[in-house]
Amino acid sequence: MSTREHTLLDVRDLYVGYGGRRGGQVAVDGVSLSVAAEETLGLVGESGSGKTTVARCVAGLLRPGAGTVAFEGRPLGRAGHRPPELQRAVQMVFQDPRSSLNPRMTVAAVIGEVWSTHPVTAPEGDRTEALHRLLADMGLDPEVAARRAGDLSGGQCQRVSIARALAVRPRLLVCDEAVSALDVSVQAQILRLLVDLRARHRLAMLFISHDLGVVHQIADRVAVMRRGVIVEEGRTGEVLTAPRHAYTRALLDAALDLDDAVPGDGAADGKAVV
């Protein structure tokens, strides 16, 4: 079995409801999906489709009413109850980069806190040098380390959020609308960063988005959600060129030009970017 065929995440018959099964609201109804090693699965749907609920179950932030979530065959419980190695293996990047960081903490303190929580991932020797290398990987200048999160731009905050996730050397990133709160030009930069990081760190991703145009740039496969169920799934190129479900076709009609390439993010030359 090749690396790409090796299943990391396996979600089976996931159900999440509010107010009970009878008369309550069903957010996710029997969803099953998988993500292989080094693969990106795009989970797409409009607001209220249930995709973020799936992401929160995978990240351990929400307990499903039924179904299973497993990582390499091991059950994934709530975030606070996972073994340390599973807690590190699955990390989440949130939609709003500003609210996901403590605005009063410096970037150095944000990353240092993660290393203190998971000391097995902390660098040996000079942590300042390691921090600067990590920030450089995100396309950020070393001086950002001394700045408070509340003083950063939205794009910089999201880069710091990604750095915080990668600081513990995860194997799966759950990206919940990770670019939707950013300006279009900054979206392209963060997408390119995620593509580059996936290749360099051999990451798998569950990439949540409402925009098929965005997912086209990053996902190997696509699963389309509507009203709590997956209505279509397949290789990205196949789904986007020959969608079988009317809802997928409607999402395509609303998407940006799928032929647009993601421009470079400027990280390669070491310059700070937004």
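Residues numbered from 1 in each chain as written. Predicted model: local features only at pLDDT ≥ 70, side-chain atom pairs only at ≥ 80, totals over all residues. Heavy atoms only, no water.

## With respect to the nonpolar core
Formed by 55 residues in total, the largest nonpolar core has its most connected members in M138, I162, L173 and L194. Apart from the residues within four sequence positions on either side, M138 is in contact with R159, I162, A163, L166, L193 and L197. V11, V16, A37 and C57 belong to the second largest nonpolar core, which has 32 residues in total. (Core = buried A, V, L, I, M, F, W, Y, C linked by side-chain atoms within 4.5 Å. Buried < 20%, exposed > 50% of the residue type's maximum accessible area, 1.4 Å probe, protein only. Contact = heavy atoms within 4.5 Å.)

## Overview of the confidence of the model for the chain
Looking at the chain, pLDDT values average 88 and 90% of them are 70 or higher. This model gives residues 257-274 a pLDDT under 50, and the stretch forms 39 contacts once residues within four places in sequence are excluded. (pLDDT = per-residue confidence, 0-100.)

## A closer look at the layout of surface pockets
Empty space within the largest pocket amounts to approximately 420 Å³. For the largest pocket, the lining is made up of 16 residues, of which Q87, Q91, M92, H118 and R164 are closest to its centre. If you list the elements that add at least two residues to the lining of the largest pocket, you get β6 (90-93), α3 (107-117) and α5 (154-166). When the residues that make up the lining of the largest pocket are grouped by side-chain class, the tally is nine nonpolar, five polar and two charged. (1 Å grid on protein atoms, 1.4 Å probe; cavity = no way out; pocket = protein on both sides within 12 Å on 5 of 7 lines; lining within 4 Å. Points joined across faces, edges and corners; volume = space filled by probe spheres on them. Helix = DSSP H or I, 4+ residues; strand = E, 2+ residues; numbered from the N terminus. Nonpolar A, V, L, I, M, F, W, Y, C, P; charged D, E, K, R; others polar.)

## A look at the pattern of salt bridges
Taken as a whole and assessed by the stated rule, the structure comprises 11 salt bridges. Notably, a salt bridge pairs D10 with R12, separated by 2.8 Å at the nearest N-O pair. For D10, a relative accessible area of 26% corresponds to the partly exposed category. Relative accessible area serves as the criterion here: at 34%, R12 is assigned to the partly exposed category. In this structure, R221 and E233 form a salt bridge, with 2.7 Å as the shortest nitrogen-oxygen distance. In this pair, R221 sits in strand β9 (residues 221-226) while E233 sits in strand β10 (residues 229-235), placing the two residues 12 residues apart along the sequence. (Salt bridge = Lys/Arg side-chain N within 4 Å of Asp/Glu carboxyl O.)

## Quick look at the environment of L252
Within the secondary structure, L252 is located in helix α9 (residues 246-254). Along the primary structure L252 and D211 are separated by 41 residues, whereas in three dimensions their C-alpha atoms are 8.3 Å apart.

## With respect to the sheet that holds strand β2 (residues 25-36)
Spatially, four strands are ordered β2-β1-β4-β5 in an open sheet, and the strand pairing comes out antiparallel. Where the open sheet ends on each side, the last strands, each with one partner, are β2 and β5 (74-75). Here strand β1 (residues 7-18) runs beside β2; their pairing, made up of nine bridges, is antiparallel. Bridged to Y18 within β2 is Q25. Strand contacts of helix α1 (residues 51-59): β1, β2 and β4 (66-71), with the helix running at about 120° to β1, the strand carrying the most contacts. (Pairing = 2+ DSSP bridges. Axes fitted to C-alpha atoms, helices over the stretch in contact; angles between N-to-C directions.)

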